[in-house]
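# Close look at the chain arrangement
Residues per chain, in single letters:
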Amino acid sequence: ELLGTIDPEEFSKRPVSILRSFLVLQQHPEIKGMTAQTLRSLWRSRFSIDRRFRSAQEARRLFIEILKQPRGLVHALRRMNQYSILGRYIPSFGRIVGRMQHDLFHVYTVDQHILAVVRNLRRFTMLEFAHEYPMCSRLISEFENPWLLYIAAIFHDIAKGRGGDHSELG
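Described below are features of the structure shown in this document. Since the structure is predicted, the reported quantities are computational estimates derived from the model, not experimental observations.

### Side note on the overall build of the chain
- Helix and strand counts for the chain stand at 12 helices and two strands.
- Taking the principal axes of the C-alpha coordinates as reference, the chain spans close to 50 × 40 × 30 Å.
- A total of 170 residues make up the chain; the buried ones form 39% of that total.
- Within the chain, contacts between residues at least 6 apart in sequence are counted, and of these 67% link residues at least 24 apart.
- Here the chain contributes 25 positively and 17 negatively charged side chains, and the mean placements of these two sets differ by 5 Å.

Take a look at the structure:
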């Protein structure tokens with residue numbers, strides 16, 4: 001089953017529907033993706049994610065709701081990255097998409113490294129992985145708002161490649 005829009009202009013008429021579509025995909029794992037028409041519409045409408053969109057209460061609420069979902073967070077963020085939505089919503093993230101890290105410790109681009117960190121944090125919340133890192137699993141279970149850790153993970157290397165100390169700039 002694929003997510004589709006009745007109106008091909010949905011995202012351009014109501015840009016907040018862009019984020020809502022990723023939330024719907026998260027909340028309904030039986031939906032495996034988006035129709036080609038919906039993806040084209042999403043792609044054409046990505047530039048409506050601008051300063052006004054980012055400051056809109058509904059857009060912020062939906063993004064935080066995506067972070068709070070009990071399943072599918074990493075998949076949603078990866079899709080958003082793949083479709084150029086995450087980098088439009090968080091412009092600093094857009095600047096590190098595809099950026100190589102040139103040292104012996106990093107094998108991923110910065111954006112993929114950040115998404116892997118979110119994935120690892122997410123695994124700490126899942127019982128089936130608690131045996132791998134029991135202390136981390138115990139600690140994260142005590143957090144009232146673990147979604148704040150996901151935001152920290154998204155921003156932890158966001159200033160890579162800007163010159164200077166990325167940990168200070170970020």
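### Some words on the side chain of Ser 41
- Of note, Ser 41 is situated in helix H3 (residues 36–45).
- Residue classification places Ser 41 among the buried positions, given a relative accessible area of 2%.
- When residues no more than four places from it in sequence are discounted, the contact partners of Ser 41 are Pro 8 and Phe 11.

### Remarks on the packing of aromatic side chains
- Under the definition given, this model contains four aromatic pairs.
- Aromatic side chains Phe 124 and Tyr 133 sit 5.7 Å apart centroid to centroid with 70 degrees between the ring planes, which places their arrangement in the edge-to-face category.
- Arg 123 extends its terminal NZ or CZ atom over the ring of Phe 129, reaching a point 3.8 Å from the ring centre.

### Here's the deal with unusual backbone geometry
- With a phi close to 65 degrees, Ser 84 is a non-glycine residue in the positive phi region.
- Within the fold, Ser 84 resides in the loop between helix H6 (73–82) and helix H7 (86–89).
- Classification of Ser 84 by relative accessible area gives partly exposed; the value is 27%.

### Structural notes on the pattern of salt bridges
- A full pass over the atoms with the stated rule returns six salt bridges.
- Where Asp 7 meets Lys 13, a salt bridge forms, and the shortest distance between an N and an O atom there is 2.7 Å.
- Taking the shortest distance from any N to any O, the salt bridge between Glu 58 and Arg 61 comes out at 2.9 Å. You can see Glu 58 and its partner Arg 61 sitting in helix H5 (residues 57–68), three residues apart, about one turn around the helix.
- Residue Glu 58 is classed as partly exposed on the basis of its relative accessible area of 29%.
- Among the residues examined, Arg 61 registers a relative accessible area of 42% and is labelled partly exposed.
- Through salt bridges that share partners, Arg 20, Glu 58 and Arg 61 make up one connected network.

Rules of the game
Residues numbered from 1 in each chain as written. Predicted model: local features only at pLDDT ≥ 70, side-chain atom pairs only at ≥ 80, totals over all residues. Heavy atoms only, no water. Helix = DSSP H or I, 4+ residues; strand = E, 2+ residues; numbered from the N terminus. Buried < 20%, exposed > 50% of the residue type's maximum accessible area, 1.4 Å probe, protein only. Contact = heavy atoms within 4.5 Å. Lys, Arg positive; Asp, Glu negative; His and termini not counted. Charge placed at Lys NZ, Arg CZ, Asp CG, Glu CD. Phe/Tyr/Trp six-rings, centres within 6.5 Å; stacked < 30°, edge-to-face > 60°. Lys NZ or Arg CZ within 6 Å of the ring centre and 35° of its normal. Salt bridge = Lys/Arg side-chain N within 4 Å of Asp/Glu carboxyl O.

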